[in-house]
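Working through the structure, step by step
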Amino acid sequence: MFTKIMKRGNRKGPKSEAAEPAAAAAVPGSNVTVNHASRTAVPSSGAAAGAHHLPTSPAGAAPQIESLPLFRDVPIAERQALFLRKLQICAVIFDFSDTLKSAREKEMKRQTLSELVDVVQSSSIRLGESVQEELVRTVAVNIFRCLPPASHENTGSEVTDPEEEDPYLDPAWPHLQLVYELLLRYVISSDTDTKVAKRYIDHSFVLRILDLLESEDPREREYLKTILHRIYGKFMVHRPFIRKAINNIFYRFIFETERHSGIGELLEILGSIINGFALPMKEEHKLFLVRALIPLHKPKPVGMYHQQLSYCIVQFVEKDYKLADTIIRGLLKYWPVTNCQKEVLFLGELEEVLEATQPAEFQRCMVPLFKQISHCLSSSHFQVAERSLFLWNNDHIVSLIAQNRSVIFPIIFEALEKNMQGHWNQAVHGLTANVRKMFLDMDSELFEACQLQYIEKEENAKSLEEQRESAWRRLEAIIEAKDGEDMVVAN
């Protein structure tokens, strides 16, 4: 508990964004090296170009916000101009590290943002190109910022399990939420013309949205996930770029950092994308499965996103059943050796994959598959053994096993017998007895043949052990006799 308190105390809060444009302008001419741990999201050229629109205030003074009338209080002809002025007000950034500082101005900005969201949602004002450009600039100024260091970065604390860390909540969320809502309403609005909007929501903008998924605030990641999904659906021109960018995030996570807060959200987006893949499936999508999705089983924190990953994997099998062999062999490649909780997750996912597997694909991988299941059946960790025995509760899997029982029975029979003879857990013992009876009812002759083979193997092993012990006894006797002769000679 003390360590957690110290860790949270060491965490740096988000810096004030008021001076960001000036700081960004100063970087190119300086000799400063930016560390990745700063996790900086640099404002785009579009946002920087719009900086001259922003209200300014003397250095060190609180930002000033002009009081403007409500939209309903001005003529329709003047509402576009008023919308622009309100956007400029919302481009002012406040310091939320001090809740009392500029409280009145913060509330005015919040109310203005809320009003802009209502206007875009109701489509009461048709947004011209200049207004759309300014809207995207305002959003960019607010959301593309320096994220605070993650709990494991620059704090001097030991590396902890990401699943045990408390979520970080951004104090600027009252404004950020409304900015994200404004962007979302703009993207999904039926009045938004993609031919115009793609000039401002370009590849650079999308890439920085993806970068923000490293935020530790789960509320922010939820908005980013929804917005990115909507952008993917509406802007077809961005689809290949988004898929490639997500690929790159996965590669870096798998092979370099094993640290990223937004892997689960990215996989949720991909789940719906995979569901929409046309058949026959493109080679690009199959490569994505082999090179990115299957290796995502490797990192230690897989438990944080396994549910979403499993859904994506099963989607591929349901889309193209011929991929089942590739996926099952991929799971076996990354099967955990010492992490029992991870092994339970893998068994659950394996059941879902097998449920969508056809007999021809099952036959290709059944030997290595059931060798691994045999190890799981005899695991001393009762949850692993129990979860593997639950596979026989699935009718489709039992049907596949029955069709190939002459190959599968001999592989797993020894594990079942050892469980019956000496597994410490009573529940595992009972489940094993049920599976064993199922095999006996399915094919009694094969069961008896396997039993005879097992008894013979055990007797051979026992005989070999006796021979080994006898050999050691003979060696000991020879050594003792030689030592006695040496003592006689010495005397």
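This report concerns the structure included in the present document. (Residues numbered from 1 in each chain as written. Predicted model: local features only at pLDDT ≥ 70, side-chain atom pairs only at ≥ 80, totals over all residues. Heavy atoms only, no water.)

Here we take up the overall build of the protein. Secondary structure summary: the protein contains 22 helices and zero strands in total. Out of the 491 residues in the protein, the part that is buried amounts to 46%. For the protein, restricting intrachain contacts to residue pairs at least 6 apart in sequence, the fraction spanning at least 24 positions comes to 76%. (Helix = DSSP H or I, 4+ residues; strand = E, 2+ residues; numbered from the N terminus. Buried < 20%, exposed > 50% of the residue type's maximum accessible area, 1.4 Å probe, protein only. Contact = heavy atoms within 4.5 Å.)

This part covers the packing of aromatic side chains. Scanning the model with the defined rule gives 15 aromatic pairs in all. With a centroid separation of 6.0 Å and an interplanar angle of 15°, the aromatic rings of tyrosine 180 and tyrosine 223 are classed as stacked. Taken together, the residues span a long stretch of sequence, with tyrosine 180 in helix H7 (residues 173-188) and tyrosine 223 in helix H10 (residues 218-234) at a distance of 43 residues. The exposure classification of tyrosine 180 matches that of tyrosine 223, with both residues buried. Taken together, a centroid distance of 6.4 Å and an interplanar angle of 25° make the contact between phenylalanine 250 and phenylalanine 288 stacked. On the criterion of sequence distance, the pair formed by phenylalanine 250 in helix H11 (residues 239-257) and phenylalanine 288 in helix H13 (residues 283-293) is long-range, its members being 38 residues apart. Here phenylalanine 250 matches phenylalanine 288 in class, with each residue buried. It is lysine 86 that lies over the ring of phenylalanine 71; its NZ or CZ is 5.3 Å from the centre. In this structure, lysine 106 packs its charged tip against the face of phenylalanine 96, placed 4.6 Å from the ring centre. (Phe/Tyr/Trp six-rings, centres within 6.5 Å; stacked < 30°, edge-to-face > 60°. Lys NZ or Arg CZ within 6 Å of the ring centre and 35° of its normal.)

As a further point, take a negative patch on the surface. A cluster of acidic residues, Glu476, Glu480, Asp483, Glu485 and Asp486, forms a negative patch on the protein surface. Residue position: aspartate 483 is located in helix H22 (residues 444-490). Among the residues examined, aspartate 483 registers a relative accessible area of 42% and is labelled partly exposed. (Patch = residues over 30% accessible without salt bridge, like charges linked within 9 Å, V, L, I, M, F, W, Y side chains within 5 Å. Areas by Shrake-Rupley, 256 points an atom, 1.4 Å probe, with all protein chains shown as cover. Salt bridge = Lys/Arg side-chain N within 4 Å of Asp/Glu carboxyl O. Lys, Arg positive; Asp, Glu negative; His and termini not counted. Charge placed at Lys NZ, Arg CZ, Asp CG, Glu CD.)

All right, on to the nonpolar core then. Residues Phe83, Phe250, Leu293 and Trp392 are the most contacted members of the largest nonpolar core, which totals 131 residues. Sorting elements by how many residues they give to this core places H7 first, with 10 residues. (Core = buried A, V, L, I, M, F, W, Y, C linked by side-chain atoms within 4.5 Å.)

All right, on to unusual backbone geometry then. Here the residue pair leucine 279 and proline 280 is connected by a cis peptide bond, since its omega of 0° sits within 30 degrees of zero. Its place among the elements puts proline 280 in the loop between helix H12 (263-275) and H13. Although it is not a glycine, serine 102 sits at a positive phi angle of roughly 55°. If you trace the backbone, serine 102 turns up in the loop between helix H4 (79-90) and helix H5 (103-122). Here serine 102 falls in the buried class, since its relative accessible area comes to 11%. Its identity as a non-glycine residue notwithstanding, serine 123 has a phi of 55°, on the positive side. If you trace the backbone, serine 123 turns up in the loop between H5 and helix H6 (129-143). With a relative accessible area of 31%, serine 123 lands in the partly exposed category.

Closest axis-to-axis distance for the H11/H13 pair is 11 Å, and the angle between their directions is 15°. Regarding the angle of H11 to H13, the classification is roughly parallel. Crossing geometry of H11 relative to H13 is assigned as left-handed. On H13, the residues touching Arg243, Asn247, Phe250, Tyr251 and Ile254 of H11 are Glu284, His285, Phe288, Arg291 and Ala292. (Axes fitted to C-alpha atoms, helices over the stretch in contact; angles between N-to-C directions. Parallel < 35°, antiparallel > 145°, perpendicular 65-115°, else oblique. Left-handed = near helix turned anticlockwise from the far one by under 90°.)

So, about H10. For H10, built from 17 residues, the straight-helix expectation of 24 Å at 1.5 Å per residue is met to within 8% by its first-to-last C-alpha distance of 24 Å. Those residues of H10 that are buried are in contact with H7, helix H9 (203-212), H11 and H12. (Expected span 1.5 Å × (residues − 1).)

It is worth spelling out the pattern of salt bridges at this point. Taken as a whole and assessed by the stated rule, the structure comprises 25 salt bridges. The residue glutamate 115 makes a salt bridge to lysine 86 at a minimum N-O spacing of 2.9 Å. Remark: lysine 86 occurs in helix H4 and glutamate 115 occurs in helix H5; sequence separation between them is 29 residues. The same class applies to glutamate 115 and to lysine 86, which are both buried. Residue glutamate 105 pairs with arginine 104 through a salt bridge whose shortest N-O separation is 3.5 Å.

This part covers the environment of tyrosine 454. Note that tyrosine 454 resides in helix H22. Here tyrosine 454 falls in the buried class, since its relative accessible area comes to 7%. Residues tyrosine 454 and glutamate 414, 40 residues apart in the sequence, show an inter-C-alpha distance of 6.6 Å. Other than its neighbours up to four places away in sequence, tyrosine 454 contacts Phe413, Glu414, Glu417, Lys418 and Gln421.

This next bit is on the environment of leucine 332. One can find leucine 332 in helix H15 (residues 324-333). Sequence separation between leucine 332 and leucine 350 is 18 residues; the distance between their C-alpha atoms is 9.7 Å. Every residue in contact with leucine 332, bar those within four places of it in the chain, is listed here: Pro368, Leu369 and Gln372.

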